[in-house]
Amino acid sequence: MSNICALCSAELTSIDTLLGENKLSDGGNLCNKCLDKVSSIHQELLYNLNTFSIRDIKNLVETGTIQPETPEQPQENKIESMVVFASNEMSRDLYKRRLKEIKYQLEQVGANLSMFAKGEIKELPHILAVDEVILAATDAQFIKTVDAGMLLVTPKRIVSVSKAMFAPVKVNEYPNETISEVSFVSNSISPVIKLHTQDKIVEFECFCDRLDGERFYDFIHKIYNQNKTPKETPETKEVASNLIFEQLEKLGKLRENGILTEQEFAEQKKKLLGQLS
């Protein structure tokens, strides 16, 4: 790895390379000073820097824009998406802290996501509310599409997040009160998870891990395949509460083992307890 900033040619410090998040698609690296400079022009760089080359960066500095090629998706496979961001503007420090929390939650629920889902994970701080806890997650994409994607379950909704290279993130949310039931179609290669909403059936393929897709379905069917009134979802609250208590126990063990500081433990505990109200 080069120890020189690809833009200003300054020697990289240990802080510049500490998290390994300043790497470009062509193998070059930016120092934090240059990253702050270019991200103030084009904020997308903060979240998907490794999809841009030094040529893109220099073009951005000179012209103020980046125009990467976006492959045209076949018309029949295009999915109408409702992009729902919790916050479009976020400081770099807040973004990194929130991303760390989300990665921790994904680890705690045993999410087995493919390497192609990195782009979606980096978008999650903008999609999920700051107090929204991930209850379950799996690698899944809209049927008959080529985008990488994932499905997330939170106490209030199921969220589909998908993103193709150089393309905007596509987010579709399905509030609990709109889901009448869920179903599963077994397949040795790519099983299908179906969400039955008030006006349509939405289908997702699980290519990454068949067993993980089955595990995810086993979790959500206990929540959604129950008799319930449109405005009341006690099963969801009960399942969410049980998982939150389990995560609190794991947090305590991580603190005892020195993995989490007292401050990190207190912040995570406060957020989890906030979900019980």
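Summary of the structure given here.

### Some words on the overall build of the protein chain
Counting its regular elements, the protein chain contains nine helices and eight strands. Per-residue burial for the protein chain yields a buried fraction of 45% across its 277 residues. Of the contacts formed within the protein chain by residues at least 6 apart in sequence, a portion of 56% connects residues at least 24 apart. Summed over its atoms, the accessible surface of the protein chain is roughly 15,100 Å², and 52% of this surface lies on carbon and sulfur atoms.

### Remarks on the pattern of salt bridges
Tallying each qualifying case throughout the model produces eight salt bridges. In this structure, glutamate 173 engages arginine 157 in a salt bridge whose closest nitrogen and oxygen atoms are separated by 2.6 Å. Pair noted here: glutamate 173 is in strand β5 (residues 170-175) and arginine 157 is in strand β4 (residues 157-163), with a separation of 16 residues, a long-range link. For glutamate 173, a relative accessible area of 23% gives the class partly exposed. Put simply, Glu132, Arg157 and Glu173 are held in one network by salt bridges that share partners.

### Here's the deal with the pairing of strand β3 (residues 148-153)
Counting buried positions along β3 gives six out of six residues, so the element sits mostly inside the fold. The two faces of β3 match: Ala148, Met150 and Leu152 on one face and Gly149, Leu151 and Val153 on the other face are all buried. Note that strand β1 (residues 136-139) and β3 share four bridges and pair antiparallel. Counted as the bridge partner of alanine 137 is leucine 152 from β3. Two elements, β3 and β4, share six bridges in a ladder whose sense is antiparallel. The residue of β4 that forms the bridge with methionine 150 is valine 161.

### So, the packing of helix α5 (residues 92-108) against helix α9 (residues 262-274)
Close contact between α5 and α9 brings their axes to 12 Å; oriented N to C, the two are set at 70°. Compared by their axis directions, α5 and α9 come out roughly perpendicular. Two secondary-structure elements touch here, α5 through Arg97, Arg98, Lys100, Glu101 and Tyr104 and α9 through Glu264, Glu267, Gln268 and Lys271. Among the residues making up the contact of α5 with α9, the classes are represented as one nonpolar, one polar and seven charged.

### Observations regarding unusual backbone geometry
Phi at serine 9 takes a positive value of approximately 65°, unusual for a residue other than glycine. With respect to the helices and strands, the residue serine 9 is situated in the segment before α1 (14-17).

### Regarding the sheet that holds strand β8 (residues 201-205)
Read across the open sheet, the four strands follow the order β2-β8-β7-β6; overall the sheet is antiparallel. Since the sheet does not close on itself, it has two edges, and those belong to β2 (141-142) and β6 (179-185), each with one partner. Sheet topology places strand β7 (residues 192-197) next to β8; five bridges connect them, and they run antiparallel. Bridge assignment links leucine 195 to a residue of β8, and that residue is valine 202. Helix-sheet contacts for helix α7 (residues 210-224) involve β6 and β7, and the interaxial angle to β6 is about 150°.

### A short note on the packing of α5 against helix α6 (residues 118-127)
Where α5 contacts α6, the two axes come as close as 9 Å, and the packing angle between them is 115°. As summarised for this structure, α5 and α6 are arranged roughly perpendicular, according to the angle between their axes. Here the hand of the crossing between α5 and α6 comes out right-handed. Facing Tyr95, Arg98, Leu99, Ile102, Lys103 and Leu106 of α5, the residues of α6 in contact are Ile121, Lys122, Leu124, Pro125 and His126. Along the lines of polarity and charge, the residues of the contact of α5 with α6 split into seven nonpolar, one polar and three charged.

### Digging into the pairing of β8
Alignment of β2 against β8, held across two bridges, turns out to be antiparallel. Paired with glutamine 141 across the two strands is glutamate 205, which belongs to β8.

### A short note on the nonpolar core
Soluble, globular proteins show a tendency: their nonpolar side chains are buried together. With 51 residues, the main nonpolar core has Leu106, Leu152, Val153 and Ile220 as its most contacted residues. Here this core takes six residues from α7, the largest share from any one element. Among the nonpolar cores identified, the runner-up in size contains 13 residues, and Cys5, Leu24, Phe52 and Ile57 belong to it.

### Comments concerning the environment of lysine 194
As for its placement among the helices and strands, lysine 194 is situated in strand β7. When the C-alpha positions of lysine 194 and phenylalanine 184 are compared, they lie 6.1 Å apart, and in sequence the two are 10 residues distant. What lysine 194 contacts, discounting residues up to four positions off in sequence, is Glu181, Val182, Ser183, Val185, Ile201, Val202 and Glu203. A polar contact is formed between the side chain of lysine 194 and the side chain of glutamate 203, at a distance of 3.5 Å.

Analysis parameters
Residues numbered from 1 in each chain as written. Predicted model: local features only at pLDDT ≥ 70, side-chain atom pairs only at ≥ 80, totals over all residues. Heavy atoms only, no water. Helix = DSSP H or I, 4+ residues; strand = E, 2+ residues; numbered from the N terminus. Buried < 20%, exposed > 50% of the residue type's maximum accessible area, 1.4 Å probe, protein only. Contact = heavy atoms within 4.5 Å. Areas by Shrake-Rupley, 256 points an atom, 1.4 Å probe, with all protein chains shown as cover. Salt bridge = Lys/Arg side-chain N within 4 Å of Asp/Glu carboxyl O. Pairing = 2+ DSSP bridges. Axes fitted to C-alpha atoms, helices over the stretch in contact; angles between N-to-C directions. Parallel < 35°, antiparallel > 145°, perpendicular 65-115°, else oblique. Nonpolar A, V, L, I, M, F, W, Y, C, P; charged D, E, K, R; others polar. Left-handed = near helix turned anticlockwise from the far one by under 90°. Core = buried A, V, L, I, M, F, W, Y, C linked by side-chain atoms within 4.5 Å. Polar contact = N/O pair within 3.5 Å; in protein donor to acceptor, adjacent residues only side chain to side chain.

Geometry only, nothing functional implied.
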